[in-house]
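Tertiary structure, described
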Amino acid sequence: MARIDKTPFETVILGLGHDGRGIAQRPEGHPQAGKPLYIAGALPGERVLARQVRRCRRFDEAEVLEVLDASPDRVEPRCPHFGTCGACSVQHLAPERQVEGKARMLADCFERAGVAPEATLPPLTGAAWGYRRKGRLSVRRVEKKDRTLVGFRERDARFVAELTECHSIVPQVGLHLQALSALVDSLEARSTIPQIEFSAGDDATALVIRHLEPLGEGDRAALMAFAREHGFCIYLQPGGLDTVAPLWPEAPRLSFRLAPWDVELDFEPLDFIQVNADLNAKMIAHALALLDVQPGERVLDLFCGLGNFSLPLGRHAAEVVGVEGDAGLVARARANAARNGMAHVHFHAADLTTDLSAEPWMVGGFDRLLLDPARAGALEVLQQLPLDGLKRIVYVSCNPETLARDAAYLVDGRGWRVRAAGVMDMFPHTTHVESIAVFEPA
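What you see is a predicted model; the values in this text were computed from it and never measured.

1. Topic: the overall build of the protein
A tally of regular secondary structure across the protein gives nine helices and 21 strands. Here the C-alpha atoms of the protein give a radius of gyration of 24 Å, agreeing with the 22 Å that 2.2 N^0.38 yields for 442 residues. With respect to the three principal axes, the spread of C-alpha positions in the protein is 70 × 60 × 40 Å. Going through the 442 residues of the protein one by one, you find that 51% of them count as buried. For the protein, the share of sequence-separated contacts (at least 6 apart) that also reach a separation of at least 24 residues comes to 62%. With an accessible surface of roughly 19900 Å², the protein has 51% of that area assigned to carbon and sulfur atoms. Across the protein, the 49 positively charged side chains and the 59 negatively charged ones have centroids separated by 4 Å.

Structural data, given as structure tokens:
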């Protein structure tokens, strides 16, 4: 393969890709004329000096060397590591323009699926900084630097970003990354720790230390001392998910409150919880308003997890049935229902991608349906559900492409209509699109 020509060149940015990179094209007369160029750090309308860094079959990749004519939508990134760290790709774009871009992405997905929502919901926004209460930090010992790096992956995912701070992570973690790096550096096992996961409740924050070899007593003592000094709960994970166990304190408790519904949910450190606590509370209120549950009605909540929607729904519905594929989450959802005095909220474990005809919760009928699936969407379960009798469906999605696909199935295959859809900014400064749609019988 011929070498990449790294000669700097000027170009004008025509648009913004779904991954946050600027899109340009080679000019006429160039050997690659018309071939798309994805340029990290560039915004639509800008004239930039760039350099190619990678060649692909259908497109090329480049990086910005200098912004010659800046977009009025360009802002100064808050994070000193922006451009190197791969966690936030659009900090240089004004927040309102970030949300507009996500709304366009959702609209594009619906258009490609041949579905037209009757209305657009106003974007839902929340805390833009210090919001990320759950995540995974990579750990890498770099012998050449004689230090251990703790952070997110760089844009080039082969490397771990050398972070001093992170303004997207909750401050109790994001402002202690150097201390965490120094801690790992002090351990005998520093070369056999590949990752640290963090998960923050309202009153406690957990760090789960993944280690590939047993920890000595000295390392265990150092971890406990760090936990006491900085107020963390420390868990160890020597193997799979079932090996996670607390180191200090002996019996930590992680929980978060949903005050508008007088609900508190306990969770384990590796359980799925919505990343942005502020946006989560707004999203629940938004979803419940769209679902419009009436007294005496039964509600089905699919992909219910710990009961994030189910328990607030329980304050309005006569009965709520939550279904989730992870048996551990279901057990904790049941415990959360009992703790919050909700005997009318029931939970079942079931793989929602398989044949559900024998499931007891499939009979009896429901008035309203709420879904919050993973990125793969909910097509398999929608194809099996008896939708007759349902008055409304609210679909919360972390992938606009599968939402649009499933919406097309409901419209074309089941005779429903998309009353409205909109985006929710769960992950500010990234290109992740969280969305919500409400359906009614046609």
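The discussion continues.
2. Brief notes about the side chain of aspartate 60
If you trace the backbone, aspartate 60 turns up in strand β6 (residues 60-69). Among the residues examined, aspartate 60 registers a relative accessible area of 2% and is labelled buried. Within polar-contact distance, the side chain of aspartate 60 engages the side chain of lysine 35 at 3.0 Å. Setting aside its immediate chain neighbours within four residues, aspartate 60 contacts Gln32, Lys35, Pro36, Leu37, Tyr38, Gln52, Arg54 and Arg55.

3. With respect to the environment of glutamate 440
If you trace the backbone, glutamate 440 turns up in strand β21 (residues 434-441). Judged by relative accessible area, glutamate 440 falls into the buried class, the value being 11%. Here the alpha-carbon distance between glutamate 440 and cysteine 398, two residues 42 residues apart in the chain, equals 21 Å. Discounting residues that sit within four places of it in the chain, glutamate 440 has contacts with Lys391, Arg392, Trp416, Arg417 and Arg419.

4. Re the pattern of salt bridges
Within the structure shown, the criterion is met by 35 salt bridges. Across the pair arginine 74 and glutamate 46 runs a salt bridge whose closest N-O atoms are separated by 2.7 Å. Placement of arginine 74 in the loop between β6 and α1 (95-113) and of glutamate 46 in the loop between β4 (36-40) and β5 (47-55) is noted, with a sequence separation of 28 residues between them. By relative accessible area, which is 26% here, arginine 74 ends up partly exposed. As a salt-bridge pair, lysine 391 and glutamate 297 come within 2.8 Å of each other at their nearest N and O atoms. One end of the pair, lysine 391, is in the loop between α8 (379-382) and β19 (392-397); the other, glutamate 297, is in the loop between α5 (277-291) and β15 (298-302), with 94 residues separating them in the sequence. On the basis of relative accessible area, lysine 391 is assigned to the partly exposed category, the value being 41%.

5. Describing the packing of aromatic side chains
Within a pair of aromatic rings, the relevant descriptors are the distance that separates the centres and the angle that separates the planes. This structure, assessed with the given rule, holds three aromatic pairs. Measuring from ring centre to ring centre gives 5.8 Å for phenylalanine 226 and phenylalanine 232, while their planes differ by 10 degrees; the resulting arrangement is stacked. Under the relative-accessibility criterion, phenylalanine 226 is labelled buried at 5%. On the basis of an interplanar angle of 50 degrees and a centroid distance of 5.9 Å, the ring pair of phenylalanine 256 and phenylalanine 267 is categorised as tilted. Here phenylalanine 267 lies in strand β14 (residues 263-267) and phenylalanine 256 lies in strand β13 (residues 254-258), a separation of eleven residues in the sequence. Here phenylalanine 256 matches phenylalanine 267 in class, with each residue buried. Against the face of phenylalanine 82 rests arginine 155, its NZ or CZ located 5.6 Å from the ring centre. The lysine or arginine in question, arginine 228, covers the ring of tryptophan 248, its NZ or CZ lying 5.8 Å from the ring centre.

Rules of the game
- Residues numbered from 1 in each chain as written.
- Predicted model: local features only at pLDDT ≥ 70, side-chain atom pairs only at ≥ 80, totals over all residues.
- Heavy atoms only, no water.
- Helix = DSSP H or I, 4+ residues; strand = E, 2+ residues; numbered from the N terminus.
- Rg over C-alpha atoms; globule rule 2.2 N^0.38 Å.
- Buried < 20%, exposed > 50% of the residue type's maximum accessible area, 1.4 Å probe, protein only.
- Contact = heavy atoms within 4.5 Å.
- Areas by Shrake-Rupley, 256 points an atom, 1.4 Å probe, with all protein chains shown as cover.
- Lys, Arg positive; Asp, Glu negative; His and termini not counted.
- Charge placed at Lys NZ, Arg CZ, Asp CG, Glu CD.
- Polar contact = N/O pair within 3.5 Å; in protein donor to acceptor, adjacent residues only side chain to side chain.
- Salt bridge = Lys/Arg side-chain N within 4 Å of Asp/Glu carboxyl O.
- Phe/Tyr/Trp six-rings, centres within 6.5 Å; stacked < 30°, edge-to-face > 60°.
- Lys NZ or Arg CZ within 6 Å of the ring centre and 35° of its normal.

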